[in-house]
Structure formats: structure tokens, C-alpha cells
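Here is what each chain is made of, one letter per residue.
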Amino acid sequence: MASLQLSFCSYRSMFGFRYRPVRCSNERQALFNRIAPVYDNLNDLLSLGQHRIWKRMAVSWTEAKMGDSVLDLCCGSGDLAFILSEKVGSIGKVTGVDFSKEQLLIASSRQQLLSRDCYKNIEWIEGDATDLPFFDCHFDAITMGYGLRNVIDKRKAMQEMFRVLKPGAKASVLDFNKSNQPFVASFQEWMIDNVVVPVASGYGLAKDYEYLKSSIREFLTGKELEELALEAGFSTARHYEISGGLMGNLVATR
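Residues numbered from 1 in each chain as written. Predicted model: local features only at pLDDT ≥ 70, side-chain atom pairs only at ≥ 80, totals over all residues. Heavy atoms only, no water.

1. Quick look at the packing of aromatic side chains
To describe a pair of aromatic rings, you give the distance between the ring centres and the angle between the ring planes. In the structure shown here, the tally under the stated rule is 8 aromatic pairs. Ring plane angle 85 degrees and centroid distance 4.9 Å describe the contact between Phe 134 and Phe 139, whose orientation is recorded as edge-to-face. By relative accessible area, which is 12% here, Phe 134 ends up buried. Accessibility expressed as a relative area gives 0% for Phe 139, which makes it buried. On the numbers, 5.6 Å between centres and 65 degrees between planes, the contact of Tyr 146 with Phe 176 is edge-to-face. (Phe/Tyr/Trp six-rings, centres within 6.5 Å; stacked < 30°, edge-to-face > 60°. Buried < 20%, exposed > 50% of the residue type's maximum accessible area, 1.4 Å probe, protein only.)

2. What to know about the confidence of the model for the protein
For the protein, per-residue confidence averages 85 on the pLDDT scale, and 81% of positions sit at 70 or higher. Long-range and interchain partners of residues 1–24, a stretch whose pLDDT sits below 50, account for 59 contacts in this model, where long-range means more than four residues apart. (pLDDT = per-residue confidence, 0-100. Contact = heavy atoms within 4.5 Å.)

3. Re the side chain of Asp 128
Inspection of the secondary structure assignment puts Asp 128 in the loop between β5 (122–126) and β6 (139–145). With a relative accessible area of 4%, Asp 128 lands in the buried category. (Helix = DSSP H or I, 4+ residues; strand = E, 2+ residues; numbered from the N terminus.)

Given below as C-alpha cells:
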């Protein structure tokens, strides 16, 4: 990747977004680059469009308002960033950060195609969730959708979110829920084996989506996410189970 030729703290403009060297799992980065072209279509198919409702809920929990400067971490193709943009308006600022250049290319192209005035306030940056290129107390709100589960050092990512948030601001972290309920956990795995992977195989991505099951097994429970946020310095943290416990959303206040 061209960005690896730069010094770690340097930036450059490319394809409508800035990028910097990313220290992460090369395997996971390659996975998200591969699935980028069909990522949005698969999300719609596999959730029957429900992921758009969950993402609006996640943004709502941040309490972001007009004129705010907000961060969408692990932004992927930009769904949460676009919703945030509508919340903060053209006088606000949205920064989308992801470690996948291919996802950011799609986010940038969507930004151009959608062409709403408020979407002009979005900047895309290729970066590392565990080493964010921002000053302390910089953002009024942070969202992270389906990203923390894929970060190698989750503790460091949570500490970075705390660092760059302003006092009293909120982080909203949406992801699959690692349920303590046997039925919910079994249903999740059944869905992955019998729906997600077969659908993904139609796109030639069966092996890539098989990873989903192990990533949920290795993820943190809602209680553990709350504890992680509190250990990072957040004053309050509450995890909400949504969609029958299949999904979860952590809301943490700095």
C-alpha cells in the first residue's frame, strides 16, 4: 500500500480523502478491502434493511446536534457518517476514519453521488483506531459501527475514543451482541451458517464471512464493554441490547 511509504505522522490527499500509515492486522485490513464492493448490498440483504434503523439509533444516542464536530470511527462505506452529517448540518464537521482504503473510496464516491449540501462537511481519513491523528478533547460525539469487534487492541481503541472526545460528550458503539442467552447465541450462529455464509458465497465471499462467527465468539459481552469503557476513563457506560439481543449498542459518556 502506498501509504506505508510515508512517515507515520504524515498525511497526503488521494482519491478525495486523506490517508496515513495504518498499524493493524494486515489480514483483517485485506478482508475489508475485498468485501468493499458488495458490502452495502450484503448489509441490506442480510439484515433486511434493519441495519439502517440500528445505525440511526446509534447516531441518536450520541446526541449530536447542529454545528458539532463529530467522528465516525471505522466508518466503512460511510452510512453512519452520512447520518451524522444530517445531524450536524453544513455548519458542522464530520470526520470518517477507516483502515480500509477500498471502503473509503466507496464512501467518497457515495458522497459525490449523493451530492447533498450537508454531505460536503465530511472528510475521509485512512487511519488506525488505536492511534487517532487528532488532538485531545477534539470531538463533540463519536460513532463506531461494527468496528470495535474487528480491532485487535480494543482497550487502546476505547482509550483513544475517550482521549479525543470533549468532556461530557458521548461515544456510541454499535455491533453484534455477544449474548449470554444460549438461545440468542445459537440463533446467531445458525443465521451465520445458514443465511449469511450462503448469501456471501453468491458473491464469492463465503470464507470472508465465515470469520463473522468467530469474531462474535471472541468479542466482549455488554457488561464487559461497559467495564472496558469505565476503565478507559468514561464517567458512565451503558450497553443496550437491540433487535432481540442480536445487536448491541454501547453508549459511553466522557
